[in-house]
Amino acid sequence: MTIDGLLQLHTLRAGAPGAVPLVLLHGFPLDHRMWFDVTPLLAGEPWVLAPDLPGFGTSPTGPDVAQTVGGSGPSIEVMADGVAATLRAAGVDRAVVAGLSMGGYVAMALVERHPELVAGLALLDTKATADAEQARARRLEIAGTVEIEDTIEAVLGMRSALLAPAHRTGRPDLVERLEAWIRDQGPDGVAWAQRAMAARPDRSAVLAAFDGPSVVVVGEFDELSPPEVAREMVGLLSDAELVVVPAAGHMTTIENPEPVAAALTGLLGRVRD
């Protein structure tokens, strides 16, 4: 459902009445479908919601969301404010928030800007630090190329980099799924998100101040946000568990979804307790 022109919010599991929902935030350049392998494996009767972030899936564009929430220019903050407003419009005022990669950046911005909303935090294959200058410049270059060429071809190469080395050649089904999902996104949304990620600040202090239960999940062979980065985030958080997902790269949710589902189920249990 789209609420007052904000994000498209998908109910992946209806869940038990009155339950604290699990909100799943997708990575770049994908949409809510990257969680499809995980949600059926969640134990119990969780209420699971998954928004398409600005410009992805069937959500409004980044500029449209920015105008609605009072933001200016591409930013992770606009994404977070859009998620918060959409959840509140749906009657959600407290949730367990999980984000992978770009979704993790948005989850951390939610903790900073809407702390009352985040009852528990799951960070998957992401990092708290800002981009190094070279990475920031590369994002901006890709954003410009995507706009000029009016195609997302410049980011299609990511489909292999997102996977563990063994899966790049040994699991063509995963490569094909990622390519199909990436091709479904528009160049405007891809460019806007690249600029938003390039502008994001270091949120290490945000994690250090968060006192709720949390879990940090990382693929054993994640080359984009490697396990040592995950361990650094665990060291910042006051009540965190670390889960290293075997035989997975950056896309743990489709490479090895069972440990991811177990980690999220465990976090939901800690929040309820």
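Residues numbered from 1 in each chain as written. Predicted model: local features only at pLDDT ≥ 70, side-chain atom pairs only at ≥ 80, totals over all residues. Heavy atoms only, no water.

### Some thoughts on the overall build of the protein chain
Counting its secondary structure elements, the protein chain contains 13 helices and seven strands. The C-alpha atoms of the protein chain give 17 Å as radius of gyration, which agrees with the globular expectation for 273 residues (19 Å, within 12%). Counting only C-alpha atoms, the protein chain reaches 50 × 45 × 35 Å along its principal axes. A separation threshold of at least 6 residues defines the contact pool for the protein chain, and within that pool the share at least 24 residues apart is 78%. Carbon and sulfur atoms make up 51% of the accessible area of the protein chain, which amounts to about 10,400 Å² in all. Of the charged side chains in the protein chain, 20 are positive and 36 negative, and the gap between their average positions amounts to 1 Å. (Helix = DSSP H or I, 4+ residues; strand = E, 2+ residues; numbered from the N terminus. Rg over C-alpha atoms; globule rule 2.2 N^0.38 Å. Contact = heavy atoms within 4.5 Å. Areas by Shrake-Rupley, 256 points an atom, 1.4 Å probe, with all protein chains shown as cover. Lys, Arg positive; Asp, Glu negative; His and termini not counted. Charge placed at Lys NZ, Arg CZ, Asp CG, Glu CD.)

### Things to note about the nonpolar core
If you look at the biggest cluster of nonpolar residues, it comprises 92 residues, and the most contacted ones within it are M102 and L264. Per-element tally for this core: the top contributor is helix α3 (residues 102-113), with eight residues. With near-sequence residues (within four places) excluded, M102 lies in contact with H26, G27, F28, L53, F56, I76, M79, A193 and M197. (Core = buried A, V, L, I, M, F, W, Y, C linked by side-chain atoms within 4.5 Å. Buried < 20%, exposed > 50% of the residue type's maximum accessible area, 1.4 Å probe, protein only.)

### Observations regarding the packing of helix α4 (residues 133-149) against helix α9 (residues 187-198)
Here α4 crosses α9 at 160°, and the two axes come no closer than 8 Å. In terms of orientation, α4 lies roughly antiparallel with respect to α9. Helix-helix and strand crossings are classified by hand; for α4 and α9 the assignment is left-handed. Taking contact as the criterion, the partners of R136, R139, L140, I142, A143, G144, V146 and E147 in α4 are, on α9, P187, V190, A191, Q194, R195, M197 and A198. Residue composition of the contact of α4 with α9, grouped by class: nine nonpolar, two polar and four charged. (Axes fitted to C-alpha atoms, helices over the stretch in contact; angles between N-to-C directions. Parallel < 35°, antiparallel > 145°, perpendicular 65-115°, else oblique. Left-handed = near helix turned anticlockwise from the far one by under 90°. Nonpolar A, V, L, I, M, F, W, Y, C, P; charged D, E, K, R; others polar.)

### A word on the pattern of salt bridges
If charged atoms from side chains of opposite charge come close, those side chains can pair. Within this structure, the stated rule accounts for 19 salt bridges. Close ionic contact of E112 with R203 constitutes a salt bridge, the shortest N to O distance being 2.9 Å. Note that E112 is positioned in helix α3 and R203 in the loop between α9 and α10 (204-209), a separation of 91 residues in sequence. A salt bridge links R136 to E133, with the shortest nitrogen-to-oxygen separation between them at 2.7 Å. Of this pair, R136 and E133 are both found in helix α4, three residues apart, which corresponds to roughly one turn of the helix. (Salt bridge = Lys/Arg side-chain N within 4 Å of Asp/Glu carboxyl O.)

### Examining the layout of surface pockets
By volume, the largest pocket is sized at about 600 Å³. Forming the boundary of the largest pocket are 25 residues, of which A135, R139, M158, Q194 and L224 lie nearest the centre. Counting only elements with at least two residues in the lining of the largest pocket, the list comes to α3, α4, α5 (153-156), α6 (158-161) and α9. Among the elements that make up the lining of the largest pocket, the one with the highest residue count is α4 (five residues). (1 Å grid on protein atoms, 1.4 Å probe; cavity = no way out; pocket = protein on both sides within 12 Å on 5 of 7 lines; lining within 4 Å. Points joined across faces, edges and corners; volume = space filled by probe spheres on them.)

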